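Structure at a glance
One letter stands for each residue in the lines below.
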Amino acid sequence: MSNDNWMQLVFKGDRTNEQAKGFRALYRFVRHFGITNGLPLSTEQCTIEMRSGVNSNGTIMAPNFPGLYPRTSTCNYLFYGKPGEVVRISFLYFDVEGVYPCSDDTQSDYVEFSNFRIRDRKFQRYCGRNKPTEVISDGVFFRLTFQTNDVYDATGFEAYYQFRTPHDPMMPDQRDRSQAAIPEFLPCLVLTSLVGWLLRSALN
C-alpha cells in the first residue's frame, strides 16, 4: 500500500529465463488507507472516529492489516464516549516495527495513547511485538495514534474496543477491587468461627 496518492511499479526483464510469464495484479484506490471501521474524517488523511452513540464496541486495525502497513504515515483513532463513559481497548494482535523505548532516535514506528489531543505523559509508547496490556481512558475522550517512519515496516495491530461506565461490574478495576476484598474478609470470618468453637468447647 502506498503512503500517498501515487505509487510506481517497475518491471524489469531479461533473457535469463524465457519461460517466465510475468505477473498479473489487481489494484484498487482507497481512502483513509482502506480503513472501514469507524467514521473517517474527510478533512484528514487517516483520522477515524469511534462514537459510542454509533457503536458501543468494535475492532480497529492498522492500515492494510494483515498486510504490511504503509511507511511515513500517521493515523489517529479518536474515541468519543457518552457522558460518564470510558473506553477500554484490548489488543488481539500487535507487530509494530521498533525497539523500546520506541523514541524518535531509535527510528521506531509506535502506538501512542492519550486522554487529550496532545501527547499524554501518563502513557508510554509501544512498539515491537510486546503488545500493550488492556488500556482504559480516564474520561469520555481518548486517542490512539499510530506513527510510522520511512525505514522499516511490519503488519501492525488489531484491537477490540468497548465503551463502558466506570461502575460497570465487568470493568477490570471493579473486578480487581472485589477480588482483593475477599482475602481481607475471609480470615476474620474463619477466626471468629474458630474462637466461637473454642469457647463452646471450654464451657462444655
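Look up a bit, the structure's there.
An account of the accompanying structure is given in this report. Chains are numbered independently. Their residues run from 1 in the order of the written sequence. This being a predicted model, a pLDDT of at least 70 is required before a residue's local features are given, and a value of 80 or more before pairs of side-chain atoms are given or counted; all residues contribute to the totals for chains, interfaces and linings. To obtain the side-chain values, all non-hydrogen atoms of the structure were used and water was disregarded.

**What to know about the pairing of strand β2 (residues 47-51)**
The cut-offs for exposure are 20% and 50% of the maximum accessible area for each residue type, with area from a 1.4 Å probe on protein chains only; residues under the lower value are buried, those over the upper are exposed, and the others partly exposed. Numbering goes from the N terminus for both helices and strands, where a helix is a DSSP run of H or I of at least four residues and a strand is a run of E of at least two. By the criterion of burial, β2 is predominantly enclosed, with 4 of the 5 residues buried. Pairing between strand β1 (residues 39-40) and β2: 2 bridges, direction antiparallel. Considered in β2, the bridge of Leu39 is made with Glu49. In terms of strand pairing, β2 meets strand β4 (residues 74-80) through 5 bridges, oriented parallel. When DSSP locates at least two bridges between a pair of strands, those strands are taken to pair.

**Examining the environment of Phe11**
On the secondary structure map, Phe11 appears in the segment before β1. Phe11 gets classed as exposed once you look at its relative accessible area, which sits at 58%. As for Phe11 and Gly22, which are separated by 11 residues in sequence, their C-alpha atoms are 8.8 Å apart.

**Thoughts on the state of the cysteines**
As used here, a disulfide is simply a covalent bond connecting the sulfur atoms of two cysteines. Cysteine sulfur atoms that pair up within 2.5 Å are treated as a disulfide. Per the stated rule, a full pass over the model turns up 2 disulfides. There is a disulfide in this structure between Cys46 and Cys75, and the S-S distance comes to 1.9 Å. One disulfide, between Cys46 and Cys75, carries an S-S torsion of 95 degrees and so falls in the right-handed class. You can see Cys46 sitting in the loop between β1 and β2 and its partner Cys75 sitting in strand β4, a full 29 residues away along the chain. Grouping residues by exposure puts Cys46 and Cys75 together as buried. Disulfide pairing places Cys102 opposite Cys127 at an S-S distance of 2.1 Å. The S-S bond linking Cys102 to Cys127 shows a torsion near -85 degrees; that makes this disulfide left-handed. You can see Cys102 sitting in the loop between β5 (86-95) and β6 (110-114) and its partner Cys127 sitting in the loop between β6 and β7 (135-136), a full 25 residues away along the chain.

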